[in-house]
Each structure stands twice: as structure tokens, then as C-alpha cells.
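Chains, contacts and geometry: an overview
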Amino acid sequence: MNPGMSVVWLNGCLLPAEEARIDPADRGFTLGDGLFETIRVVGGTARHLGRHLARLADSAALLGLPLPHDAAALAVAAEALIAAQGRVEGVLRITLTRGTGARGVLPPADAVPTLLMTLAPAPPPAGPVKAVIARTTRRNEHSPLSRVKSLNYLDSILARQEAATRGAGEALLLNGAGRLAESSVANLFIVRDGRLLTPPVAEGALPGIRRALILERGDAGEAPLSVTDLLGAEEAFLTNSLGLRPLLRVDGQAIGAGTVGPVTAALLKDIAAE
């Protein structure tokens, strides 16, 4: 297969993107009934793929959504797609839907899932960002969906639209209790009294892969965070699978000195060296 051709992996087969077809009755399209994972590809390797596949499997089990391939088969498929594209740096996305079904909310008992993998070029590194606290929507920490990467991203879309209207590059979402949960596309960390802190999953934070890696280092912890905690922090940053982004201002107020702090800079250096 031509390495320069745009290729996807769909339901077990590599094929040119222009030949890939999703049924119009697919519940991922009609109801957002599905999940996704976004994975950084560096040096031709999908980083932390095992963790992503484990989260996908756990999320599928939570939703009662059949996963048609095990982790080993999906890892082979990811390697085949990366090789077919001939792309050593990029963003791998795995999209799983429940497949087709009749009209109505209740899933079919004999669901045949759709599983798609795509590989896009790597975006330029995300620089420091200014954010606002979203006013139009909140994160529902009581919903099981706050713990999975659901195809329904409308709350995040609303929040990012609001941020753009207010002249910011990102939006932070509060939970139902008025505490910080995460941003529209990333987990939130602050540095307070020299210690790294991030909202717990119970507060509405997605159990992010990069978040887990930072927590496992042993120099970070979980704690409920208020807007006051954030505005009084020495540093703040956002993390997702594609990297880390310094958070310099929120609602027009500088975080710390309003520059990239030493803890953030050290983590950026570590990620670049992965």
C-alpha cells in the first residue's frame, strides 16, 4: 500500500480513507453511542497504547458496549495502520460505536459494533494558554459518562465556543458543586505550596492517561479544588494524551507570576524526552 495514501483501519481491514463507509443508521452517528481514544504517536510508536486500550475496555464494559477485538489485536491493528501511513509522528484515534440499530434509545440485543482507527498528522506543540471559567455549562460529576471518553462532546463544545467568544483559548468546567473539574479537553493541575494537585475523578475529572502518569510519579496528589485555589496557585497547567499546556491566566487574572513556572517547565522537558 502506498505509504503516502490516506489509509484507515475499519472493522478489521486497512483501506483507503475515501473507500471507508459508516452506515447512516450507526448509533455513534445518530445518538453518540460510542467511545474514543486519542493517542500520541512518536517515532512510529503509539505512546502508552496499553493504558489507552485498558481504558477503552473498561469504558466499553461500563456502557455494556461490545468490544470486537482484544487489546493484542488492537495493538497489531494500530501498528499496521502506522506502517501503512508511513507516518512516524501523529495522532492515532480509535473510535468505537455500538453499530447500527433501529430507531429508539434502547440498544439492540445483538449489536455489532463499529471500530475505526485513523491516523492524523501531529499538531504543532500547544503553547501557554489563557482560559475562562465556563458559565454556559458544567461537568456532571454524578454521571458515569464523566469517567469515559464518550462521543458526545457537546458540553466541551459549548464551553470552547464560550471561551472563543470571550477571547480565551480554553474553558475550565466547574462541577455541580461549583468546584473545578477539568478543561474542555484536558485535566487540570495546580501547584500550591510547592505541591502538585489535581481534582479527583469523583469531582468530575476524566481519568486521563497523562494525569495518571503524573500521579504515579509520587509528587502529585488529588484534592477538591475551588476557583480560589486556582487563582491563588503558584502555577497551573493542563494535560491530555498529546502533552502539557501551561495555564497562565484565568478570567483575566494571572496564575502566579503569569509565566511558565519551574514545575511546569520540568514536566514539559520530561514529556519532550519520552
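For the structure given in this document, a descriptive report is provided here. All figures in this text were calculated on a predicted structure; none of them were measured in a lab.

1. Structural notes on the pairing of strand 8 (residues 170-174)
Within a regular beta strand, the side chains point alternately toward one face of the sheet and then the other, so they alternate between its two faces. Taking burial as the measure, the 5 residues of strand 8 include 5 buried ones, the bulk of the element. Neither face of strand 8 is left uncovered, since the one carrying E170, L172 and L174 and the one carrying A171 and L173 both have all their residues buried. Alignment of strand 7 (residues 129-133) against strand 8, held across 3 bridges, turns out to be parallel. Within the sheet, the bridge partner assigned to V132 lies in strand 8 and is A171. For the segment spanning strand 7, helix 4 (residues 154-165) and strand 8, crossover handedness is right-handed. As paired strands, strand 8 and strand 9 (residues 180-183) are joined by 3 bridges and run antiparallel to one another. From the neighbouring strand, L174 faces strand 9, where its bridge partner is L180. Here strand 8 hands over to strand 9 after 5 residues, with G178 in that stretch at a positive phi of 85°.

2. A word on the packing of helix 2 (residues 49-63) against helix 5 (residues 209-216)
Relative to each other, helix 2 and helix 5 sit at 115°, their axes nearing to 10 Å. Crossing of helix 2 over helix 5 shows right-handed handedness. Listed contacts from helix 5 to R51, H52 and R55 of helix 2 are I209, A212, L213 and E216.

3. Overview of the pattern of salt bridges
Oppositely charged side chains are able to pair whenever their charged atoms sit close together. Counted under the stated rule, the structure contains 13 salt bridges. Among the ionic pairs, R166 bridges to E162, the shortest N-O distance being 2.7 Å. For E162, a relative accessible area of 9% corresponds to the buried category. One salt bridge connects R217 with D219, and the closest N-O pair in it is separated by 3.7 Å.

4. Topic: the sheet that holds strand 4 (residues 45-46)
Sheet architecture is open: 6 strands sit in the order 2-1-6-5-3-4, paired in antiparallel fashion. Of all strands in the sheet, those with a lone pairing partner are strand 2 (13-16) and strand 4, marking the two edges. Sheet analysis places strand 3 (residues 34-42) next to strand 5 (residues 90-97), joined by 8 bridges and oriented antiparallel. Looking across to strand 5, one finds that T38 is bridged to R93. Lying over the sheet, helix 2 contacts strand 3, strand 4 and strand 5, oriented at roughly 180° with respect to strand 3. Helix-sheet contacts for helix 3 (residues 71-85) involve strand 1 (7-10), strand 2, strand 3, strand 4, strand 5 and strand 6 (114-121), and the interaxial angle to strand 6 is about 40°.

About the thresholds
- Residues numbered from 1 in each chain as written.
- Predicted model: local features only at pLDDT ≥ 70, side-chain atom pairs only at ≥ 80, totals over all residues.
- Heavy atoms only, no water.
- Buried < 20%, exposed > 50% of the residue type's maximum accessible area, 1.4 Å probe, protein only.
- Helix = DSSP H or I, 4+ residues; strand = E, 2+ residues; numbered from the N terminus.
- Pairing = 2+ DSSP bridges.
- Right-handed = clockwise from strand over helix to strand, strands pointing away.
- Axes fitted to C-alpha atoms, helices over the stretch in contact; angles between N-to-C directions.
- Left-handed = near helix turned anticlockwise from the far one by under 90°.
- Contact = heavy atoms within 4.5 Å.
- Salt bridge = Lys/Arg side-chain N within 4 Å of Asp/Glu carboxyl O.

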